[in-house]
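Residues per chain, in single letters:
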Amino acid sequence: MPALIINGKDHTVDADPNMPLLWVIRDLVGLTGTKYGCGIGVCGACTVHLHGKAVRSCKVPFSEAVGHDVTTIEGLGDDHALYRAWTQLNVPSCGFCQPGQIMQAAALLRQHPDPEDEEIVQSMSGNLCRCGAYQRIVAAVRAAAGVTR
Ligand code: FES
Ligand code: FES
């Protein structure tokens, strides 16, 4: 049976190759931090990392992830600078979009440790927040970038 590497652990999964990675992560592996929003790749709630890059897991077939490193919000690490910034700036409202926001931000900071505000806005623009926490999100990414300098 195919194996997925999620947060550094192997998971043997019996799934249709076309099943979206999001379904596998949540329903078969049981990691429910990654959220289902739109299911069509436009809201960002399901964002995870595949080889360190942010992807929309609702649009990635299981077969594309087999044998590759997947990181979910549970695997980011409790001491990540983004968590500290998110807490200090009290970013979440309802919280639903936040795992996807943080995973998107983490991928940005890995590629661009000291991004300009425009880069932050551009990178985060595909992650929707019905509560309108956008200004706090940008501020928190900036704060986290400061910590990693
Ligand atoms: S649930 Fe995947 S982008 Fe919305
Ligand atoms: S905090 Fe509620 S949707 Fe973003």
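Enquirer: Help me understand the domain arrangement of the protein chain, please; the structure alone is not making it clear to me.
Expert: One frequently used descriptor of interface size is the decrease in accessible area upon assembly of the parts. Here the protein chain is partitioned into domain 1 (3-75) and domain 2 (81-145). Tallying the contact residues gives 18 residues for domain 1 and 14 residues for domain 2. Of the roughly 1200 Å² buried at the junction of domain 1 and domain 2 (both faces included), carbon and sulfur atoms supply 58%. Taken together, the connections running from domain 1 to domain 2 amount to eight residue pairs in polar contact (both at pLDDT 80 or more).

Enquirer: Got a minute to help me understand the packing of aromatic side chains in this structure?
Expert: In this description, an aromatic ring pair is defined by two values, namely the gap between the centres and the angle between the planes. This structure, assessed with the given rule, holds one aromatic pair. Arranged with centres 5.5 Å apart and planes meeting at 80°, the rings of W23 and Y36 form a pair that is edge-to-face. Of this pair, W23 sits in helix α1 (residues 21-28) while Y36 sits in the loop between α1 and β3 (47-50); the two residues are 13 residues apart in sequence, bridging distant segments of the chain.

Reading the values: rules and limits
- Residues numbered from 1 in each chain as written.
- Chains lettered and ligands numbered in written order.
- Predicted model: local features only at pLDDT ≥ 70, side-chain atom pairs only at ≥ 80, totals over all residues.
- Heavy atoms only, no water.
- Domains from an automatic or database assignment.
- Contact = heavy atoms within 4.5 Å.
- Buried area = accessible area lost by both parts, 1.4 Å probe.
- Polar contact = N/O pair within 3.5 Å; in protein donor to acceptor, adjacent residues only side chain to side chain.
- Phe/Tyr/Trp six-rings, centres within 6.5 Å; stacked < 30°, edge-to-face > 60°.
- Helix = DSSP H or I, 4+ residues; strand = E, 2+ residues; numbered from the N terminus.

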